[in-house]
Amino acid sequence: MKKTFKWDDYSDQPAIIEDRAFKKKMRKKEFVSLVKTIITSLVILPLSTMMMPYVKRKEIKSSDFFSVGVDFEKEPQKALEFLDELNVDKVLLRFKLWEMDSLDELKSFVEKLDGKKIILKVMQDRENIENLELFRTNLQTVFKTLGTSIETYEIGTTINRAKWGFFSVDEYSKFYKIAYDLREKEFASLTLIGSGVIDFEYHFTAHTLFNFFNYKYDGISSLLYVDRRGAPEHTQLGFNLSDKIALLSTMVWLSPKTKNILHITETNYPLSNTAPYAPTSEHECISEELYADFMLRYYLLAFASQQVDSVSWHQLMAKGYGLVNDVDGMQKREAYFVYRFMVKNLKNAQFLRLDIKRDYYILQFLVDDKLLQIHWSLKDTTLKNEDFFEVYSSAGDRIVDETLEIGSSPLYIYITKEVGEKVNCI
């Protein structure tokens, strides 16, 4: 990256740009695009909000829904072992365009993934944004080297954060169009997704989906973090995670520029007492216990939406936010075991319904012809453990107590005989 753009190896992301004059200059240069973003969002966001009730659910393939982000340069053999233990079929890898010399290493890792479906996040730097011919050459090399061993290429990321190199949606659209034109001319069999907006900043998303650039997406990528609001059920401007997904999927449905496919290609929660490895301040950080709870509930709510094709957890190994603490002896966190049990139960599950009453949540699935309910509550309560219940904690421990404590950590309850759909709290 250029001197102005520095990489933070601790949190695995660009450092904040310290040169405020430079940022002001670049935003002024992109003023016209910023105005277009505002005008587009003023039309599209109200329209999408009104159309939310009319969007039909899709049939989401559960085996493709669960995905984990992996750094192929960080203990690759251990990463492969962890992935086998988690039993996920989909993996997200990140490739830095400013480190083209690592492409052969990436190819070698891809070959070892043994048939797993791969999303490759092609990460930009300012040089590749400014020099689009360089970007085209680099991307052509990536496409030739990896080809269809990559199921989906995500072109660009985090486009609404200046530290990642983009200063407007128009800059991103010019960047994405290079990829789109290259695919159309030379690599017709490849799948490209884009947009790459982080957080609930859908005014940028609207502009990526509704513009006059001559390109199309094969699907939309979103970095839908909710960590600054805490639990995924918490609201921002009146929207909780489920609402944010519904609005986003409506925009995707309305857009003429994309197929009706939506991937959340990055999300996580930062962990307390892990600075400087945490990607945010300590104020947003949470305990390992809450991290596991929030991660599971995020996945459950996203799956229940039946609008998200996959969610990639960021990421497998990282001290500040990963399922495994890779700095202090490869320690598997509680969330690792919660993730593994989630995949074990839901990888081939059929979603039936989600019921919410007074902050009490019940998801119902059909798993191997058995009814599975997953319960949690934002207000601690209790539930009688019936004789026909087979109950497990979020990490997979069997629970045989007469009374079940229902709270932040979801419980898996298999119904072992035919009963009514509803299970009442006491």
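Residues numbered from 1 in each chain as written. Predicted model: local features only at pLDDT ≥ 70, side-chain atom pairs only at ≥ 80, totals over all residues. Heavy atoms only, no water.

Asks: Just give me the short version of the sheet that holds strand β3 (residues 66–70), but keep the residues and values in it.
Replies: With respect to topology, eight strands assemble into a closed barrel ordered β3-β4-β5-β6-β7-β8-β9-β10, the strand pairing being parallel. The average angle at which neighbouring strand axes cross in this sheet is 25°, direction not considered. The strands touched by helix α5 (residues 103–111) within the sheet are β3, β4 (90–96) and β5 (117–123), with β4 carrying the most contacts at an inclination of about 175°. (Pairing = 2+ DSSP bridges. Helix = DSSP H or I, 4+ residues; strand = E, 2+ residues; numbered from the N terminus. Axes fitted to C-alpha atoms, helices over the stretch in contact; angles between N-to-C directions. Contact = heavy atoms within 4.5 Å.)

Asks: Requested: an account of the side chain of Ser 221, with residues and values cited.
Replies: When you line up the elements, Ser 221 lands in strand β8 (residues 220–223). For Ser 221, the side chain forms a polar contact with the side chain of Glu 154, separated by 3.0 Å. (Polar contact = N/O pair within 3.5 Å; in protein donor to acceptor, adjacent residues only side chain to side chain.)

Asks: Describe the sheet that holds strand β20 (residues 411–415), with residues and values.
Replies: Pairing within the open sheet is antiparallel, and its six strands lie in the order β13-β14-β15-β20-β17-β18. With one partner strand each, in any of the chains shown, β13 (350–357) and β18 (398–399) form the two edges of the open sheet. Here strand β17 (residues 389–392) pairs with β18 via two bridges, running antiparallel. Across the sheet, the residue bridging to Tyr 392 is Arg 398, located in β18. Those strands touched by helix α11 (residues 288–305) are β13, β14 (360–367), β15 (370–377) and β20, and its axis lies near 65° from that of β14. Relative to β20, helix α12 (residues 334–346) is tilted by about 25°, and along the sheet it contacts β14, β15, β17 and β20.

Asks: Let's hear about the environment of Tyr 291: which residues, and what values?
Replies: With respect to the element layout, Tyr 291 can be found in helix α11. Relative accessible area serves as the criterion here: at 1%, Tyr 291 is assigned to the buried category. Each C-alpha atom of the pair Tyr 291 and Tyr 321 lies 8.7 Å from the other, and the pair is 30 residues apart in sequence. Ignoring any residue separated from it by four or fewer positions in sequence, one finds Tyr 291 in contact with Tyr 269, Leu 271, Ile 286, Trp 313, Tyr 321, Gly 322, Leu 323 and Ala 335. (Buried < 20%, exposed > 50% of the residue type's maximum accessible area, 1.4 Å probe, protein only.)

Asks: Tell me about the environment of Asn 240, and please be specific about residues and values.
Replies: Counting through the fold element by element, Asn 240 comes out in the loop between β8 and α10 (241–254). On the basis of relative accessible area, Asn 240 is assigned to the buried category, the value being 18%. At 2.9 Å, the side chain of Asn 240 forms a polar contact with the backbone nitrogen of Asp 243.

Asks: I'd like to hear about the pattern of salt bridges, residue by residue, with values.
Replies: Scanning all chains against the criterion turns up 26 salt bridges. Notably, a salt bridge pairs Arg 161 with Glu 201, separated by 2.9 Å at the nearest N-O pair. Of the two residues, Arg 161 is situated in the loop between β6 (152–155) and α8 (169–186) and Glu 201 in the loop between β7 (192–198) and α9 (202–209); the sequence distance between them amounts to 40 residues. Between Arg 333 and Glu 288 there is a salt bridge, with the nearest N and O atoms lying 3.3 Å from each other. With Arg 333 in the loop between β12 (331–332) and α12 and Glu 288 in helix α11, this pair connects stretches of sequence that are 45 residues apart. According to the relative accessible area criterion, Glu 288 is partly exposed, its value standing at 39%. Look at the salt bridges and you will find they share partners, linking Arg 183, Glu 184, Asp 218 and Lys 259 into a network. (Salt bridge = Lys/Arg side-chain N within 4 Å of Asp/Glu carboxyl O.)

Asks: Tell me about the packing of helix α2 (residues 31–51) against α10, and please be specific about residues and values.
Replies: It is at 9 Å that the axes of α2 and α10 come closest, and there the two elements cross at 105°. Here α2 lies roughly perpendicular to α10, going by the angle between them. Touching Ile 44, Leu 45, Leu 47, Ser 48, Thr 49 and Met 51 of α2 are Leu 247, Thr 250, Met 251, Trp 253 and Leu 254, all from α10. Residues of the contact of α2 with α10, tallied by class, amount to eight nonpolar, three polar and no charged. (Parallel < 35°, antiparallel > 145°, perpendicular 65-115°, else oblique. Nonpolar A, V, L, I, M, F, W, Y, C, P; charged D, E, K, R; others polar.)

Asks: Give me the lowdown on unusual backbone geometry, citing residues and values where you can.
Replies: A cis amide bond links Ala 275 with the next residue in sequence, Pro 276, at an omega value of 5°. Of note, Pro 276 is situated in the loop between β9 (262–267) and α11. Residues His 314 and Gln 315 are joined by a peptide bond in cis, for which omega reads -5°. Secondary-structure assignment places Gln 315 in the loop between β10 (310–313) and β11 (324–325). Of note, Gln 306 is a non-glycine position whose phi angle comes to about 55°, a positive value. Tracing the chain through its elements places Gln 306 in the loop between α11 and β10. The exposure class assigned to Gln 306 is buried, which follows from its relative accessible area of 9%.

Asks: Quick one: what's the story with the nonpolar core, residue by residue and with numbers?
Replies: Formed by 111 residues in total, the largest nonpolar core has its most connected members in Tyr 153, Ile 155, Leu 316, Tyr 339 and Phe 365. The biggest single contributor to this core is α11, with twelve residues. Other than its neighbours up to four places away in sequence, Tyr 339 contacts Phe 66, Ser 67, Val 68, Leu 86, Val 88, Met 295, Tyr 299, Trp 313 and Leu 323. Membership of the second largest hydrophobic core comes to 13 residues, among which are Ile 362, Leu 411, Ile 413 and Ile 415. (Core = buried A, V, L, I, M, F, W, Y, C linked by side-chain atoms within 4.5 Å.)

Asks: Provide a residue-level description of the environment of Asn 160, including the pertinent values.
Replies: Considering the arrangement of structural elements, one finds Asn 160 in the loop between β6 and α8. On the accessibility criterion, Asn 160 (10% relative accessible area) is buried. Each C-alpha atom, one on Asn 160 and one on Tyr 172, is 9.4 Å from the other, the two residues being twelve residues apart in sequence. Residues within four places of Asn 160 in sequence aside, it is in contact with Gly 196, Val 197, Ile 198, Glu 201 and Phe 204. At 2.8 Å, the side chain of Asn 160 and the side chain of Glu 201 are in polar contact.

Asks: How would you summarise the pairing of β9 if you had to cite specific residues and measurements?
Replies: Across the six residues of β9, six count as buried, placing the element largely inside the fold. Examined bridge by bridge, β8 and β9 share three bridges and lie parallel to one another. Looking at β9, one finds that Ser 222 is bridged to Ile 264. Here three bridges tie β9 to β10, and the two strands are oriented parallel to one another. Across the sheet, residue Ile 264 finds its bridge partner in β10, namely Val 311. A crossover links β9 with its parallel partner β10, the connecting element being α11, and its sense is right-handed. (Right-handed = clockwise from strand over helix to strand, strands pointing away.)

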